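# A structural walkthrough
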Amino acid sequence: NDMSTRVRWCSDFDKHCLVRNFERRRWVRCTPDDDWNVYWATVGTVHRIFNPDSGIRLNDNQVLNHFPNHYELTRKDLMVKNIKRYRRDLEREGNPLAERDANGRYPHLDLVPDTYQLPGDYSVFAEDFKRNPNSTWIVKPAGGAQGRGIFLVNRLSQMKKWAGGRSVAPSRSYVVSRYLDNPLLVGGKKFDLRMYVLVTSFRPLKAYIHQLGFCRFCTVKYTGVTDMDNMFEHLTNVSLQKHSKEYNDVHGGKWNTQNLRLFLESTRGKAAADKLFDDIAWIYVQSLKAVQNVMVSDRHCFELYGYDIIIDNDLKPWLIEVNASPSLSATTIADRLLKYSVIDDVYSIVCPDGDVPDVKAARAVAPNKMGGFELLYDELASAEAQQQLLDKERKRGAKPALWR
């Protein structure tokens, strides 16, 4: 293809998995000041481009890797606020998904551990703490990353002491969540799952899930909440774990999801493993629906989210957080291949056949061209499927089923 029709790309990151992918497609590198088609940008750049004062107007052949207000999903406090609002809205509509059980919980939408914002929700949190005096809580900066500034508490006096020793400015809000003290362990160690979800549109919602997720293990065996200060036992962040003397830099404390599935099938049975992975997919879809109406669904945008999920010993998955800029740095060879593949597959969907993107064209991508992604949710197709189901049931005179 000649130079004039080749995709022009620029990036705020000089990462191997990006540059190699763009070069292999024979795309042309340019600078952010040039007329680019594909820009892999930092969230700061995206906020600047969409700032009304910037004077920048994107054309139909330009795509960016973040939605303007992605933080509605990727800031821990806003994510929880949006999920709580979503449940209340569905409950108000009388939607069966928002039914509550005898304990007042939402069995279908119990996506995140009990979470409160600090300093705003302190009194509600204190009441909950007193009702469950034996529980442990985990405190995190609302906008933090890589495990920084996180600690565990199991006495209210620790919280008071912490809050008393600082002026909690609104710019530094924190979230406090019930700590899952019965995590599923493998080889005695705690782990979490990092999975990649690609969203190409929020309204209508269209999302894909990548099969190459991985588990990140702690380097130290989990002893429960007796040793609350040893973060090598509680936090799985690789940026933290690699400083542990137990860290292994060949496998980097990682396992692919295939290994996890095999482990679960052999220890808990195939039906339990299948149900767990279905429940995890349910979390992705419901968390995306929770932010669907507040997200600015600009057609120039797509986003690759890094979902962090923890599984408890009852095989219930919990959403811990969603990352807008999942790490593209590779700690191991397998890691490098995985991240290269994920980016490769993102652009197979966003720029089908390696062509210049066109935000006006409907991006229908054949399943065999999605690489490791598969369609997770397509609201347009779902609406059609739902309508067909209703028509069928009307013909049979049956009551419409709860459609999931």
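In what follows, the structure referred to is the one given above.
Below you will find a few notes about this structure. Everything numeric in this text was worked out from a predicted model, so none of it was measured.

### Quick notes on the sheet that holds strand E2 (residues 28–29)
Overall, parallel pairing links the four strands, which are arranged E2-E1-E3-E4 in an open sheet. This sheet does not close on itself; its edge strands, each paired only once, are E2 and strand E4 (63–64).

### Description of the pairing of strand E8 (residues 174–178)
For E8, the tally of buried residues reaches four of five residues, placing the bulk of the element in the interior. Relative to E8, strand E5 (residues 115–118) runs antiparallel, the two being bridged by four bridges. Opposite Leu-118, over in E8, you have Tyr-174 as the bridge partner. Judged from the five bridges that link them, strand E6 (residues 137–141) and E8 form a sheet pairing that is antiparallel. Bridge pairing in E8 links Val-139 to Val-176.

### Here's the deal with the packing of aromatic side chains
Going through the model one piece at a time under the given rule, you end up with 21 aromatic pairs. On the numbers, 6.4 Å between centres and 75° between planes, the contact of Tyr-208 with Phe-373 is edge-to-face. You can see Tyr-208 sitting in strand E11 (residues 205–210) and its partner Phe-373 sitting in strand E16 (residues 373–378), a full 165 residues away along the chain. The residues Tyr-208 and Phe-373 share a single accessibility class, namely buried. Their ring planes at 75° and their centres at 5.0 Å tell us that Tyr-284 and Tyr-307 sit as a pair that is edge-to-face. With a gap of 23 residues between them, Tyr-284 in helix H10 (residues 270–291) and Tyr-307 in strand E14 (residues 303–311) connect regions that are remote in the sequence.

Cut-off values and rules
- Residues numbered from 1 in each chain as written.
- Predicted model: local features only at pLDDT ≥ 70, side-chain atom pairs only at ≥ 80, totals over all residues.
- Heavy atoms only, no water.
- Pairing = 2+ DSSP bridges.
- Helix = DSSP H or I, 4+ residues; strand = E, 2+ residues; numbered from the N terminus.
- Buried < 20%, exposed > 50% of the residue type's maximum accessible area, 1.4 Å probe, protein only.
- Phe/Tyr/Trp six-rings, centres within 6.5 Å; stacked < 30°, edge-to-face > 60°.

This is a description of form; function is not addressed.
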